[in-house]
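# A look at the structure
Below, each chain spelled out in residue letters.
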Amino acid sequence: EKSQDCMYLQYCKVCQSYKAPRSHHCRKCNRCVMKMDHHCPWINNCCGYQNHASFTLFLLLAPLGCIHASFIFVMTMYTQLYNRISFGWSSVKIDMSAAKRDPRPIIPFGLSAFAASLFALGLALGTTIAVGMLFIIQMKVILTNKTSIESWIEEKAKDRIQYYQTGETFIFPYDMGSKWKNFKQVFTWSGIPEGDGLDWPVREGCHRYTLTIEQLKQKADKRVRSVRYRAVEDYSGVCCPVTKGVKTFFTTPCTEEPRIALSKGDLILATRGLKHWMYGEKILDSAVDGGIRERGWFPRKCVEKCQYDSETDQPVDGEKKNR
């Protein structure tokens, strides 16, 4: 509503509009999501402002259901094996063909049923552990009134301040200082989250754009610390390239982030990297800033660092630092 506030907001080039505070663009959903936490492939949707409470309850109820199923599987196998065990003087024998005692099971329990029950028990226990850990992680961020993305932004804010020694103090603006108050920001009796997803209550000493200003600073820092590379080999964009070496094949990044195809001569702004892989943005037009870019991972051996920056015509190493 206030045009002067645009200077505090991030602009989404895909949606062609400004992002509301706590909003982020999802590549999978191809839209900006209010209070985005992450994109969940299991529900084929983003976890955000409207469904954060429902998603967290799902993370709680799924392990409880798996624990219930595990109990049923364990008791089933125990009772059926107990009815098939015969104890001798020198050995213990198990006859899976039929039960030795009555009553007989309603559903025949043979060797295949035992194997299926054992396999299902393993799945149930694995789901209990994996999803239960996700529930604990979600509750930790909810009790501080954050999202997973905002926790990462806060960590990067600390790194930025420490790197440049600016003497700033970043205070996360949405933490109400009370776990109960933070809990009520997500969970309500009606099931409808508080607010409208655009305006959020902030703690004392902060204002509604504290987080977005920090995000703009981090983006500016990212542009400064990025290094320009030129592609010297073609790369098709496959996840595990066979022709780029054994080490590159086996060290492919374990992430959902995309890969970008490269042609010899392409320019890339690299922002981070691993030993054999790098992540960056491919410049599709002549302008470094404001042009359309493709972001993703690519093999390090396919590129070489540009010796001179096109804007300043100075060595890149003289102005930009590698992490």
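Analysis parameters
- Residues numbered from 1 in each chain as written.
- Predicted model: local features only at pLDDT ≥ 70, side-chain atom pairs only at ≥ 80, totals over all residues.
- Heavy atoms only, no water.
- UniProt positions renumbered as here; feature names shortened; annotations may be inferred.
- Helix = DSSP H or I, 4+ residues; strand = E, 2+ residues; numbered from the N terminus.
- Core = buried A, V, L, I, M, F, W, Y, C linked by side-chain atoms within 4.5 Å.
- Buried < 20%, exposed > 50% of the residue type's maximum accessible area, 1.4 Å probe, protein only.
- Contact = heavy atoms within 4.5 Å.
- Expected span 1.5 Å × (residues − 1).
- pLDDT = per-residue confidence, 0-100.
- Phe/Tyr/Trp six-rings, centres within 6.5 Å; stacked < 30°, edge-to-face > 60°.
- Lys NZ or Arg CZ within 6 Å of the ring centre and 35° of its normal.
- Axes fitted to C-alpha atoms, helices over the stretch in contact; angles between N-to-C directions.
- Parallel < 35°, antiparallel > 145°, perpendicular 65-115°, else oblique.
- Left-handed = near helix turned anticlockwise from the far one by under 90°.
- Nonpolar A, V, L, I, M, F, W, Y, C, P; charged D, E, K, R; others polar.

What follows deals with the UniProt feature "transmembrane region" (unreviewed entry) in the protein. Within the UniProt annotation, "transmembrane region" (unreviewed entry) is assigned to residues 57-78 and 106-137. Segment residues 57-78 splits into 100% helix and 0% strand. End C-alpha atoms: 32 Å apart.

Counting 15 residues, the largest nonpolar core has Tyr229, Tyr235, Leu262, Ile268, Met278, Phe298 and Val303 as the members making the most contacts within it. When sequence neighbours within four positions are dropped, the list of residues in contact with Leu262 reads Ala231, Glu233, Asp234, Tyr235, Ile268, Lys282, Phe298, Cys302 and Val303. Of all hydrophobic cores here, the second largest spans 9 residues; its members include Ala157, Phe170, Tyr174 and Trp200.

A word on helix α1 (residues 52-82). Its 31 residues give α1 an end-to-end C-alpha distance of 45 Å, which sits within 8% of 45 Å, the value for a rise of 1.5 Å per residue. Within the span of α1, buried status applies to His52, Ala53, Phe55, Thr56, Leu59, Pro63, Cys66, Ser70, Met77, Gln80 and Leu81.

Right, let's get into the confidence of the model for the protein. Of all residues in the protein, 85% attain a pLDDT of 70 or more, and the chain-wide mean is 84. Low pLDDT (under 50) marks residues 286-291, which in the prediction has 11 contacts with non-local residues, meaning those over four places away or in another chain. With pLDDT under 50 throughout, residues 310-323 is counted as low confidence; its partners more than four residues away or in other chains account for 26 contacts.

Take the packing of aromatic side chains next. Geometry of an aromatic ring pair is reported as the spacing of the ring centres plus the angle between the planes. According to the stated counting rule, one finds 11 aromatic pairs in the structure shown. With a centroid separation of 5.5 Å and an interplanar angle of 65°, the aromatic rings of Tyr279 and Trp297 are classed as edge-to-face. Here Tyr279, found in strand β11 (residues 277-283), pairs with Trp297, found in strand β12 (residues 293-299); they are 18 residues apart in sequence, far enough to count as distant. In textbook terms, an aromatic cluster arises when at least three aromatic residues are bridged by ring pairs, as seen for Trp180, Phe183 and Phe187. Directly above the ring of Trp200 sits Arg22, whose terminal nitrogen or CZ lies 4.7 Å from the centroid.

This part covers the packing of α1 against helix α2 (residues 111-142). Where α1 meets α2, the axes come as close as 8 Å, and the angle between the chain directions of the two elements is 155°. Judged on the interaxial angle alone, α2 and α1 are roughly antiparallel. Taken as a pair, α1 and α2 cross one another with a handedness that is left-handed. The class makeup of the residues in the contact of α1 with α2 is 22 nonpolar, 8 polar and no charged.

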